[in-house]
Number of protein chains: 4
Amino acid sequence: MSRAGTAMANDPTREYFAGTDRDRAAFEAGIKLGSIVHQYVGSPLTSATAPSLEHAIEAATRVQPLVERVRVRIDTERMRIRGPYKYGVLTEDLLDVEVSVRVGNAQAVGALRYVPELDYPLMYLKEVA
Amino acid sequence: MSRAGTAMANDPTREYFAGTDRDRAAFEAGIKLGSIVHQYVGSPLTSATAPSLEHAIEAATRVQPLVERVRVRIDTERMRIRGPYKYGVLTEDLLDVEVSVRVGNAQAVGALRYVPELDYPLMYLKEVA
Amino acid sequence: MSRAGTAMANDPTREYFAGTDRDRAAFEAGIKLGSIVHQYVGSPLTSATAPSLEHAIEAATRVQPLVERVRVRIDTERMRIRGPYKYGVLTEDLLDVEVSVRVGNAQAVGALRYVPELDYPLMYLKEVA
Amino acid sequence: MSRAGTAMANDPTREYFAGTDRDRAAFEAGIKLGSIVHQYVGSPLTSATAPSLEHAIEAATRVQPLVERVRVRIDTERMRIRGPYKYGVLTEDLLDVEVSVRVGNAQAVGALRYVPELDYPLMYLKEVA
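It should be emphasised that the depicted structure is a prediction, and the values quoted were computed from it without experimental measurement.

## Notes on helix H2 (residues 21-40) of chain A
All names here are of chain A.
- Here H2 spans 29 Å end to end across 20 residues, near enough to the 28 Å set by a 1.5 Å rise per residue.
- Among the 20 residues of H2, 18 are classified as buried, and the element is accordingly described as predominantly covered.
- Note on H2: the residue one or two positions beyond its end, Gly42, has a positive phi of about 105 degrees.

## Considering the relation of the copies chain C and chain B
- By a simple turn and slide, chain C fits onto chain B: the slide is 0.0 Å along the axis, the RMSD is 0.0 Å, and the turn is 180 degrees. Expressed as an axis order, the relation between the two copies is that of a two-fold axis. Within chain C, the C-alpha atom positioned nearest to the axis of rotation is that of C:Ala56, 3.2 Å from it.
- Mapped onto chain B, 100% of the interface residues of chain C are again interface residues, and the two copies thus contact each other with one and the same surface.

## Points about the pattern of salt bridges
- Counted under the stated rule, the structure contains 53 salt bridges over all chains.
- Ionic pairing is found between A:Asp96 and A:Arg71, a salt bridge with its closest N-O pair at 3.4 Å. One end of the pair, A:Asp96, is in strand E4 (residues 95-103); the other, A:Arg71, is in strand E2 (residues 67-74), with 25 residues separating them in the sequence.
- Overall, A:Asp96 belongs to the partly exposed group, its relative accessible area being 30%.
- By relative accessible area, A:Arg71 is classed as partly exposed at 29%.
- Linking D:Glu98 and D:Lys126 is a salt bridge whose minimum nitrogen-to-oxygen distance equals 2.8 Å. Residue D:Glu98 is located in strand E4 (residues 95-103), and its partner D:Lys126 is located in strand E6 (residues 120-128); the two are separated by 28 residues in the primary sequence.
- On the accessibility criterion, D:Lys126 (38% relative accessible area) is partly exposed.
- What you see here is one network of salt bridges that share partners, running through A:Arg71, A:Asp96, A:Glu98 and A:Lys126.

## A closer look at the interface of chain A and chain B
- Between chain A and chain B, the residue contacts involve 34 residues of the former and 34 residues of the latter.
- Note on chain A versus chain B: buried area summed over both sides is about 2700 Å², and carbon and sulfur give 66% of it.
- Per-residue buried area on chain A facing chain B is highest for A:Tyr16, A:Phe27 and A:His38; these three make up 26% of the total on that side.
- The tally of links from chain A across to chain B stands at two salt bridges.
- For B:Asp23, the salt bridge identified is with A:Arg22, shortest N-O distance 2.4 Å.
- On inspection of chain A and its partner chain B, the count reaches 11 residue pairs in polar contact (both at pLDDT 80 or more).
- Only H2, strand E5 (106-115) and strand E6 (120-128) of chain A provide two or more residues apiece to the side of chain A that touches chain B.
- Partitioning the side of chain A that touches chain B into residue classes produces 18 nonpolar, nine polar and seven charged.

## A closer look at the confidence of the model for chain A
Residue and element names in this part refer to chain A.
- Per-chain confidence: chain A averages 94 in pLDDT, with 93% of residues scoring 70 or above.
- Low pLDDT, under 50, characterises residues 1-5; the stretch is placed with five contacts to residues that sit more than four places away or in other chains.
- Confidence estimates for the predicted assembly give a pTM of 0.95 and an ipTM of 0.94.

## Some points on unusual backbone geometry
Residues and elements named next belong to chain D.
- The backbone phi angle of Lys86 is positive, close to 55 degrees, even though this residue is not glycine.
- Within the fold, Lys86 resides in the loop between strand E2 (67-74) and strand E3 (88-89).
- At Asp119, a position not held by glycine, the phi torsion is positive, near 45 degrees.
- Within the secondary structure, Asp119 is located in the loop between strand E5 (106-115) and E6.

## Looking at the interface of chain C and chain B
- Each side of the interface is counted separately: chain C has 26 residues, and chain B has 26 residues.
- In this assembly, chain C packs against chain B so that about 2000 Å² is buried in total across both faces, 66% of it on carbon and sulfur atoms.
- When the area that chain C buries against chain B is broken down by residue, the three leading residues are C:Gln39, C:Val63 and C:Tyr85, summing to 31%.
- The interface formed by chain C and chain B holds 15 residue pairs in polar contact (both at pLDDT 80 or more) in total.
- Among the elements of the structure, helix H2 (21-40), strand E1 (44-45) and helix H3 (50-62) of chain C are those that each provide at least two residues to the side of chain C that touches chain B.
- Of the residues belonging to the side of chain C that touches chain B, the class tally is 15 nonpolar, nine polar and two charged.

## Let's talk about the environment of C:Val115
- With respect to the element layout, C:Val115 can be found in strand E5 (residues 106-115).
- Classification of C:Val115 by relative accessible area gives buried; the value is 0%.
- Taking C-alpha positions, C:Val115 is 8.7 Å from C:Asp93, a pair spaced 22 residues apart along the chain.
- Apart from residues no more than four positions distant in its own chain, C:Val115 is found in contact with C:Tyr120, C:Leu122 and D:Tyr16.

About the thresholds
- Residues numbered from 1 in each chain as written.
- Chains lettered and ligands numbered in written order.
- Predicted model: local features only at pLDDT ≥ 70, side-chain atom pairs only at ≥ 80, totals over all residues.
- Heavy atoms only, no water.
- Helix = DSSP H or I, 4+ residues; strand = E, 2+ residues; numbered from the N terminus.
- Expected span 1.5 Å × (residues − 1).
- Buried < 20%, exposed > 50% of the residue type's maximum accessible area, 1.4 Å probe, protein only.
- Least-squares fit on C-alpha atoms with pLDDT ≥ 70 in both.
- Contact = heavy atoms within 4.5 Å.
- Salt bridge = Lys/Arg side-chain N within 4 Å of Asp/Glu carboxyl O.
- Buried area = accessible area lost by both parts, 1.4 Å probe.
- Polar contact = N/O pair within 3.5 Å; in protein donor to acceptor, adjacent residues only side chain to side chain.
- Nonpolar A, V, L, I, M, F, W, Y, C, P; charged D, E, K, R; others polar.
- pLDDT = per-residue confidence, 0-100.

Right, here's the structure in full:
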């Protein structure tokens, strides 16, 4: 059994969950994306400061339950610098995130990116198994 | 076919999703809970103002994709009023949330509540099918 | 002496402050505006839910130190409803806020509103004395 | 005249402000502290990730109007690591912030730190002139 499998077998939260490990993997991927958007949207931003925010969001996501891997990019090309003080703020549309969650032998990859065809920052399941 | 089923059949986001309607229902329930915690934690609070915040969080959650039902309670018994100005702030531990999401014929109910045995504000899948 | 004057005379935080009551009134008005923007921006929103959010923000602001009066309006005319699920989010540009703070005999009124000439959501001191 | 003085003389926001440069310096210091608390409180955290969050908050504060200098420390000694996944979240009590704002020839230094005697995370004017 993999280390992840062992970890989950001992996970004291397990008894609270309905459904399968796969259900939980999808659920946890959703939590991470919802958390990122609503924690950091509104943060002041320039091209120069975007890397420090990307790094902080990645670090804060990795400490959360069951996260295997996370990548956060802020699309500074689409950022709107404005006003007399020439800075922008983080909006949902600027975020390009991918987060992978493992629960036992199940895995889910959640993604957030602005989809031009929908004019919407979509959170979706990119992989689940 | 139910109205929800019809709605999803026409949902233009559907093609972006891996997995089943059930996977997505679990994922969307996670998004809603992660969003609530990270949007509103830190909000100043007293027993008198808790109902207005509960109401605003419920309203903001209902406008999000695929939400069927949401209930938010702030446990003002556990709230910590302190300092010279006698108010508290919303913490994760005070939130008691249940949100139901429907995707086609699938449904997931996600919950957030402080679990004393774990000393942890747990987000979990209460139902999924 | 007014009740506000008496309250401040006994305020145990007073010894920590440099400057005058007027300085503090300006400072506290700034705190309240910065807090509002960064707590609630990103919250999901429609015209129908705006009143509940206005109400919750007002209530959360009133419990904070030294606030005399607060008014929050969300400009739903300027709100951008979009995407397949037809909702918006609170942005700084939608907020129209006025908050009055009293410290002893000093008072400051801070305001936040989108100023078209600057293309900027400006926080400014509307009155201070 | 100093560069800061010249900058303010040309600042197009100036006409919107009541009061003096000193009033505005105090006001802007308050904005920055309120913004920091309400943007980042709730962020997941461990001792290992605290430096990345400190760095991101400092960078996001420096891009805001009139900031001369900012220092953010997260008191990881007081952080509460808990639950089955062994992480904490940023609370107001963990923040130790000092931000200096200049408006023309006026300057204000605002600070936020947990004050044990008050059992309160106090935001105060440390210097204003």
